[in-house]
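Residue-level structure breakdown
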Amino acid sequence: GALYAWGGRSLKDKYFNDLWRLDRSRAHQDVVHTDEMITSGSCPPARFASTLTNCDDRFAILFGGGQWKTGGRFLTDATTYQLNLSTFEWSKLETAGILPMPRLQHSAVNLGGNLVLIFGGYEPSQRRYLSLQEAEVLNVRSLRWMLLDSRYRMNPGWMEVVVRDFEDAELAHFGTVVSGPERLPNGEPHGWYVKVMSPDAADRRARFYPESCIQVVSDGRKRPQPATDEGELLTPPEAQWLPKMDEPSFEQVQDRLSWIRGEFPCGRAGMAVAEAAGSGRFYVFGGARYVHQEWY
């Protein structure tokens, strides 16, 4: 089958939304033909670091990516597009369920049938790398986003919670998760930093709370973050979360109701994923995080 490449970014910060096809079946004397495809329909805006996932050579799903803007801002969203591989017509999908977190430099793979797995990548508004908690599956038949497990997603800057007071267990405060998680040596979440918003709270600075003291009120992905007049996402100072250099490269799946078993890659960007032909297995390799001005 053919290989398709969409969008991208040039060295001069120019963004593209063109589609190219590399047709291996037309190879002749070690020369492989590439063609720019003429598309129609609701074409996606120019961006880079998106994924274009082939679904049984019938259509492809485009998700994620964005554009860097002056001042360090990054414009991205969770809009999903479908490309008909017979007519090369784009259509913007109206999906149901809880929208996934916007991201770039993530990975995507068709699990077979109607399911597309989205995982990993970088979330620029909170400057963090995404892992198992932000992995999602899109059912391309019902156009519904599905959670991989039964847990709420603790999204720093988005998740509204109620926390129990340290001194008085009967006293509760309303707040927002702004950073975390802090993890135990075995990889399990130990707690989160919460900024208390209740007017009767003595201290409204972000404080660390064990996960056992936190009760989720709403999943923040159901609504966008507040924005400035220029459209820049507001990022609390405490939410500049960076992974630690000594974190493990994988995490153990703890939820018995999860679709995934065993070990899952920790948050990183740029992972390569490929299917072993006819085996039903997928292999994930590589990826990196930029921490303290170093890649690892």
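Now for a quick tour of the structure. (Residues numbered from 1 in each chain as written. Predicted model: local features only at pLDDT ≥ 70, side-chain atom pairs only at ≥ 80, totals over all residues. Heavy atoms only, no water.)

**With respect to the overall build of the protein**
Of regular secondary structure, the protein possesses zero helices and 27 strands. Expressed as a percentage of the 296 residues in the protein, the buried residues total 40%. Here the contacts in the protein between residues at least 6 apart in sequence split such that 48% fall between residues at least 24 apart. With the model as given, the accessible surface of the protein reaches about 16300 Å², and the carbon-plus-sulfur share is 51%. (Helix = DSSP H or I, 4+ residues; strand = E, 2+ residues; numbered from the N terminus. Buried < 20%, exposed > 50% of the residue type's maximum accessible area, 1.4 Å probe, protein only. Contact = heavy atoms within 4.5 Å. Areas by Shrake-Rupley, 256 points an atom, 1.4 Å probe, with all protein chains shown as cover.)

**A few points about the side chain of Gln67**
If you trace the backbone, Gln67 turns up in strand S7 (residues 66–68). Excluding residues within four positions of it along the chain, Gln67 makes contact with Tyr15, Ala46, Arg47, Arg73, Phe74 and Leu75.

**Focus on the packing of aromatic side chains**
A full pass over the atoms with the stated rule returns five aromatic pairs. Consider the rings of Tyr4 and Phe88, whose centres lie 6.1 Å apart with planes at 50°: the pair is tilted. Here Phe88 lies in the loop between strand S9 (80–84) and strand S10 (89–92) and Tyr4 lies in strand S1 (residues 3–9), a separation of 84 residues in the sequence. The class for Tyr4 is partly exposed, based on a relative accessible area of 24%. (Phe/Tyr/Trp six-rings, centres within 6.5 Å; stacked < 30°, edge-to-face > 60°.)

**Focus on the nonpolar core**
Membership of the largest hydrophobic core is limited to 12 residues, which are Cys55, Phe59, Ile61, Phe63, Ala78, Leu93, Ala108, Val116, Ile118, Leu138, Val140 and Trp145. Of all the secondary structure elements, the ones that give two or more residues to this core are strand S6 (59–63) and strand S12 (115–119). Among the elements that make up this core, the one with the highest residue count is S6 (three residues). For Ala78, the contacting residues outside a window of four places in its chain are Phe63, Pro100 and Pro102. (Core = buried A, V, L, I, M, F, W, Y, C linked by side-chain atoms within 4.5 Å.)

**Things to note about the sheet that holds strand S15 (residues 136–139)**
As summarised here, the arrangement of the four strands in space is S11-S12-S15-S16, forming an open sheet in which the pairing is antiparallel. Across the chains shown, the open sheet's two edge strands, defined by having one partner strand only, are strand S11 (107–112) and strand S16 (144–147). Put simply, the sheet's adjacent strands are angled 30° from each other on average, direction ignored. As paired strands, S12 and S15 are joined by four bridges and run antiparallel to one another. Across the sheet, the residue bridging to Ile118 is Glu136, located in S15. (Pairing = 2+ DSSP bridges. Axes fitted to C-alpha atoms, helices over the stretch in contact; angles between N-to-C directions.)

**A short note on the sheet that holds strand S5 (residues 51–55)**
Strand order in the open sheet formed by five strands is S4-S10-S9-S6-S5, and the pairing between neighbours is mixed. The open sheet is flanked by strand S4 (40–41) and S5, the only strands paired with a single partner. Inspection of the sheet shows S6 paired to S9 by five bridges, in the antiparallel sense. Bridging from a neighbouring strand, Ala60 pairs with Leu83 of S9.

**Details of the pattern of salt bridges**
Counted under the stated rule, the structure contains three salt bridges. Glu134 serves as the salt-bridge partner of Arg128, at 3.4 Å between the closest nitrogen and oxygen. The same class applies to Arg128 as to Glu134, namely buried. (Salt bridge = Lys/Arg side-chain N within 4 Å of Asp/Glu carboxyl O.)

**A few points about the environment of Arg207**
Within the fold, Arg207 resides in strand S20 (residues 206–210). Along the primary structure Arg207 and Val196 are separated by 11 residues, whereas in three dimensions their C-alpha atoms are 8.1 Å apart.

**Details of the environment of Pro265**
In this structure, Pro265 sits in strand S23 (residues 263–265). Taking the C-alpha atoms as reference, Pro265 lies 9.3 Å from Phe119; in sequence the two are 146 residues apart.

**Section: unusual backbone geometry**
Positive phi, normally seen in glycine, also occurs at Asp56, with a value near 55°. Position of Asp56 relative to the elements: it lies in the loop between S5 and S6. Relative accessible area serves as the criterion here: at 44%, Asp56 is assigned to the partly exposed category. A positive phi angle, close to 55°, is found at Phe88, a residue other than glycine.

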